[in-house]
Amino acid sequence: MAATQLGFYLFVFYTAVVGLPAWMAGLVLMVLKVWDGINDPLVGWLSDHTNHPWGPRLPWMAGSAIPLGLALVAMWWVPPGGDWQKFTVLVAIQLVAMALYTGVNLPYSALASELTSSTQLRTELNASRFTGSILAGLAGLVLGALLLGQGASGYLRMGLVSGLTLTVFTLLCCWGLAPFARTCQRPTGQPEPIRQQLRRIAGNPRFVKVLGLYLLLWCALQLMQPVSLIFLAVVMHLPESWSTWILIPFQLSALAGLQLWSRVAGRHGRVCALRWGTGLWIAGCIGATLLTPLDTNTTPLASVSNGVGVGLLLLTIMVTGLGASTAYLIPWALLPDAVDADPDKPAGLYTAWMVVTQKLGIGVAVFALGNVLSLSGYQASAGLVQPGTALATIRLCMGLIPAVLIVGGLLVMRRWPEKGLHLHRPPSP
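Read on for an overview of the structure. Just so it is clear, the structure is predicted and the values come from calculations on it, not from any experiment. (Residues numbered from 1 in each chain as written. Predicted model: local features only at pLDDT ≥ 70, side-chain atom pairs only at ≥ 80, totals over all residues. Heavy atoms only, no water.)

### What to know about the overall build of the chain
Secondary structure assignment for the chain yields 15 helices and 0 strands. In terms of overall dimensions, the chain is globule-like: its C-alpha atoms have a radius of gyration of 21 Å, near the 22 Å expected for 429 residues. With respect to the principal axes defined by its C-alpha atoms, the chain has extents near 65 × 50 × 35 Å. Within the chain, buried positions represent 55% of all 429 residues. Carbon and sulfur atoms make up 70% of the accessible area of the chain, which totals about 17,500 Å². (Helix = DSSP H or I, 4+ residues; strand = E, 2+ residues; numbered from the N terminus. Rg over C-alpha atoms; globule rule 2.2 N^0.38 Å. Buried < 20%, exposed > 50% of the residue type's maximum accessible area, 1.4 Å probe, protein only. Areas by Shrake-Rupley, 256 points an atom, 1.4 Å probe, with all protein chains shown as cover.)

Laid out in structure tokens, this is it:
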């Protein structure tokens, strides 16, 4: 829920509600991702070497749950003062919030590699994990659609509901996983300095491939998410009251995609599922590039041309969501293979560098988006006519650029050694 709201709404919140220029909003997100590059390996290393009756992962999740819920509320607060004062306060809030987010998310992600040694079960486990994630994200979008029309107070109310939900369900997750986390696979290696960690990672070719795939797919996804609301309002001329609701089909189709690609991966292999899914994703990117804006002289469904335009827009969104679900599922389904290729099996370390890559990719993508939008002449003001350069830039960020990144991910995954792995499933104990 939190990640979806941050992905879709935070950049818009910084520009349209807080009032920061687009380049400064991107800089806030870039600064916190650099910080994530520090705290993710640290938490991964610490959780790998935590001794506790619940295992090494759950104490971090339980200890971070309540303060993270409070920090999530603070993230949607509008600080007083000028741009630079707001920038400083927002950066401070984000640094604390993201450190706590790492304390929950990273150990939780590491468990996906440790609860079973079966390739197929790991794929199914990650599919279940991201099914819950997308359902929560869908609830977050509905919550945003209901509250964000209220302006700054609506964003703060959204943070209150999300923070409470995050705290309660993280603690419930810890309680439910405790019996299994006590006995699952654990790291066997000794503490390593950062330089040795980097050598270990560089010497694991499977992990390098997974890392490259994850970076490219998530850069594509995180470039599209924050610009999607701008695309709907500014390029497609969709009313603001429609924009947040029309994102919900993306989450629904991504949810269906998780089930579909999990089954395809079980029958034909994870790389095959990746190729089919990203093919649909690229088709959605092309569709977003070619869509015709709606006629602003009438409502979205008052004319045949507008009705067709809304239908094509919905189709594009659903095709994109169906394909983009591979960015959630496939890299994490492939990660356990890379962990198993390391004799010490330090899942926390490898998970940490996966999460670092994801967050740095998000930071670079949003920072680049903010600067490119500013250079194109875009200004976050309701009703303002945007220049043609801004409209073209927004279309590029929704279409051509993500498509190129996705193709790069497919090239990285050439010659992945998984022949027959998806067919192996040991009997249940």
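Here the narrative resumes, following the displayed structure.
### Focus: the nonpolar core
Ranked by size, the top nonpolar core spans 118 residues in total, and within it Tyr14, Trp76, Phe231 and Trp281 carry the most contacts. In contact with Trp281, not counting residues within four places along its chain, are Leu217, Ala220, Leu221, Met224, Thr320, Gly323, Ala324, Thr326, Ala327 and Ile406. By size, the runner-up hydrophobic cluster in this structure holds 8 residues, among which are Leu58, Cys174, Leu177 and Ala178. (Core = buried A, V, L, I, M, F, W, Y, C linked by side-chain atoms within 4.5 Å. Contact = heavy atoms within 4.5 Å.)

### Brief notes about the environment of Leu32
Note on placement: Leu32 falls in helix H2 (residues 22-48). Through-space distance from the C-alpha of Leu32 to that of Val91 is 6.9 Å; in sequence the pair is 59 residues apart.

### Some details on the packing of aromatic side chains
All told, the structure shown has 10 aromatic pairs when counted by the stated rule. Aromatic pair Phe13 and Tyr155: ring centres 4.8 Å apart, planes at 45°, arrangement tilted. Of this pair, Phe13 sits in helix H1 (residues 2-18) while Tyr155 is found in helix H6 (residues 152-181), placing the two residues 142 residues apart along the sequence. We classify Phe13 as buried; its relative accessible area is 0%. Take Tyr155: its relative accessible area is 7%, and that puts it in the buried class. With a centroid separation of 5.2 Å and an interplanar angle of 75°, the aromatic rings of Trp84 and Phe87 are classed as edge-to-face. Of this pair, Trp84 and Phe87 both sit in helix H4 (residues 83-114), separated by 3 residues, roughly a single helical turn. In this structure Phe87 comes out as buried when scored by relative accessible area, which is 11%. A connected cluster of aromatic rings, assembled from ring pairs, spans Phe13, Tyr14, Trp76 and Tyr155. (Phe/Tyr/Trp six-rings, centres within 6.5 Å; stacked < 30°, edge-to-face > 60°.)

### Quick look at a nonpolar patch on the surface
Among the surface-exposed residues, Leu164, Val168, Phe169, Leu172 and Trp175 lie close enough to one another that they form a single nonpolar patch of about 600 Å² accessible area. With respect to the helices, strands and loops of the structure, Leu172 is situated in helix H6. Judged by its relative accessible area of 46%, Leu172 is partly exposed. (Patch = residues over 30% accessible without salt bridge, like charges linked within 9 Å, V, L, I, M, F, W, Y side chains within 5 Å. Salt bridge = Lys/Arg side-chain N within 4 Å of Asp/Glu carboxyl O.)

### Section: the pattern of salt bridges
Think of it this way: side chains of opposite charge can pair up when their charged atoms draw near. As enumerated under the stated definition, the model contains 2 salt bridges in all. A salt bridge links Arg200 to Asp342, with the nearest nitrogen and oxygen atoms 2.6 Å apart. Of the two residues, Arg200 is situated in helix H7 (residues 194-202) and Asp342 in the loop between helix H12 (304-340) and helix H13 (347-376); the sequence distance between them amounts to 142 residues. Asp342 shares its class with Arg200; the two are buried.

### A look at the side chain of Gln251
Positionally, Gln251 belongs in helix H10 (residues 248-268). Its relative accessible area of 1% is what places Gln251 among the buried residues. Residues contacting Gln251, with those up to four places away along its chain left out, are Thr4, Phe8, Ile134, Gly137, Leu138, Leu141 and Tyr328.

### Some details on the state of the cysteines
Scanning all chains against the criterion turns up 0 disulfides. The thiol of Cys173 is not disulfide-bonded; the next cysteine sulfur, from Cys174, is found 5.8 Å away. Taking the relative accessible area as the measure of exposure, Cys173 reaches 24% and is therefore partly exposed. A disulfide-free cysteine, Cys285 has its sulfur positioned 11 Å from the sulfur of Cys397, the nearest such atom. (Disulfide = S-S within 2.5 Å.)

### As for the packing of helix H5 (residues 119-147) against H10
Contact geometry of H5 with H10 gives a least axis separation of 9 Å together with a crossing angle of 175°. Here H5 is positioned roughly antiparallel relative to H10, judged by the angle of their axes. Residues Gln120, Thr123, Glu124, Ala127, Phe130, Thr131, Ile134, Leu135, Gly137, Leu138, Leu141 and Val142 of H5 lie in contact with H10, whose contacting residues are Ile248, Gln251, Leu252, Ala254, Leu255, Leu258, Gln259, Ser262, Ala265 and Gly266. (Axes fitted to C-alpha atoms, helices over the stretch in contact; angles between N-to-C directions. Parallel < 35°, antiparallel > 145°, perpendicular 65-115°, else oblique.)

### Considering unusual backbone geometry
A positive phi angle is found at His237, which is not glycine, with a value near 60°. Mapped onto the elements of the fold, His237 is located in the loop between helix H8 (205-235) and helix H9 (240-246).

### Quick notes on helix H15 (residues 400-412)
The α-helix advances 3.6 residues per turn, and as a result positions three or four apart in sequence lie on the same side. Given a rise of 1.5 Å per residue, 13 residues ought to cover 18 Å, and the 19 Å separating the end C-alpha atoms of H15 matches this to within 8%. In this fold, the buried residues of H15 make contact with H8, helix H11 (270-290) and helix H14 (388-398). (Expected span 1.5 Å × (residues − 1).)

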